[in-house]
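Listed here are the chains, written in short residue letters.
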Amino acid sequence: ELPSSILLQAIENCEFSLAYQPQVFCRDGQLAGFEALARWRHPVDGLIAPDRFIPAIERAGLMPEFTARIAEQALFWFRTNILSPPRAFADIVAQNVPSLSINISARNLTRPDFPEVMAQLCESHEVDTSRVVLELTETSALDDPVLSLELLTRLRVQGFQLSIDDFGAGYSSMQQLARLPFSEIKVDRAFVATALHSATSRSVVKSIVELGHSLGLRSTAEGVEDEATLQFLDFVGCDLVQGYFIAHPMSGEKLTNWLSSAP
Ligand code: G
Ligand code: G
Ligand code: MN
Ligand code: NA
């Protein structure tokens, strides 16, 4: 178990880095945005995956500090590389107005100042809040549903887009989907990965996309690993796709090269 003193030190020492995974429109492959994914560059143990440290950060009560630091890093990268892009890919970016997706935790929705903190980070990096998508996992248990709903609503009022991540994987506190102010639904990777081989998965994917559209939400499929899956997703009307078939999560530097070499 990771002690909270170690985690706090890691946050303060900026040992967390971000990988960015491009998202593209299913229809024409144009760039739509990026999801920021945290990695821990531990000085001794090397690269540690989020599945290991995110739950530990949650248990240690450090999610507010962690998210603020991650958001700051992501917004800085987005401002300097995407909104004020090098010449090499300025055209690609200018045409598409890409968004920046940041993962948040249910633990972020327990601090009343969270919307204000996020809005101030956007302001100081000169990033319009409407460009920022906050992803909340469907299965995350909301400790205080009333406060969480109030904070989600305030984030929405501040201009943030809200996304419900890994949809289909759980059946919990987010049954009230229709009552929460989301703007995007992300189909869980498990259904996308098995879509070609399982009629059940195909029905689930199609239903989620339709549910999203009926509620006015854009749908994003993650974990797209081949062209046939991409075609199926386009066929059912999915809006955005993300996955190894398009691009792996990359360091900011690698992503710059990826953008420069895009057709
Ligand atoms: O990065 P990987 O590709 O292994 O992501 C695994 C999961 O870890 C993601 O689906 C996401 O839910 C979670 N995750 C990654 N980065 C962050 C982050 O910055 N904050 C939170 N709360 N979760 C994250
Ligand atoms: O936030 P979320 O849990 O949805 O994060 C997405 C996770 O899925 C990250 O861990 C990311 O590295 C991973 N991922 C992204 N694209 C693919 C893919 O095409 N296939 C698989 N297996 N994993 C992917
Ligand atoms: Mn996500
Ligand atoms: Na997630």
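Not measured: the values here are computed from a predicted model.

A few points about the site of ligand 1
1) Next: The full set of residues close to ligand 1 is Leu37, Ala38, Ala49, Pro50, Asp51, Ile54, Ile70, Asn103, Ile104, Ser105, Thr137 and Pro249.
2) Next: Contributions of two or more residues to the shell around ligand 1 are made by strand E2 (31-42), helix H2 (50-59) and strand E4 (99-104).
3) Next: Taken together, the residues of the shell around ligand 1 sort by class into eight nonpolar, three polar and one charged.

Some words on the pairing of E2
1) Next: Sheet analysis places strand E1 (residues 16-25) next to E2, joined by nine bridges and oriented antiparallel. Across the sheet, the residue bridging to Val24 is Leu31, located in E2.
2) Next: Here E1 folds back onto E2, and the loop between the two strands holds five residues, one of which, Gly29, carries a positive phi near 75 degrees.
3) Next: Bridge count between E2 and E4: four bridges; the pairing is parallel.

As for helix H1 (residues 4-12)
1) Next: Every buried residue of H1 is accounted for by Leu7, Ala10 and Ile11. Seen end-on, H1 carries its buried residues on one side only, within an arc spanning 100 degrees. In H1, the exposed residues that point more than 90 degrees away from the buried face are Ser5, Gln9 and Glu12.
2) Next: As for H1, its buried residues are in contact with E1, E2, H2 and helix H3 (63-83).
3) Next: Looking at the residues trailing H1, positive phi occurs at Cys14, about 55 degrees.

Quick notes on the rules
Residues numbered from 1 in each chain as written. Chains lettered and ligands numbered in written order. Predicted model: local features only at pLDDT ≥ 70, side-chain atom pairs only at ≥ 80, totals over all residues. Near = placed C-beta within 6 Å. Helix = DSSP H or I, 4+ residues; strand = E, 2+ residues; numbered from the N terminus. Nonpolar A, V, L, I, M, F, W, Y, C, P; charged D, E, K, R; others polar. Pairing = 2+ DSSP bridges. Buried ≥ 20, exposed ≤ 12 C-beta atoms within 10 Å, placed from the backbone. Arc of directions from axis to C-beta. Contact = placed C-beta atoms within 7 Å.

The quantities given are spatial measurements derived from coordinates; they are silent on function.
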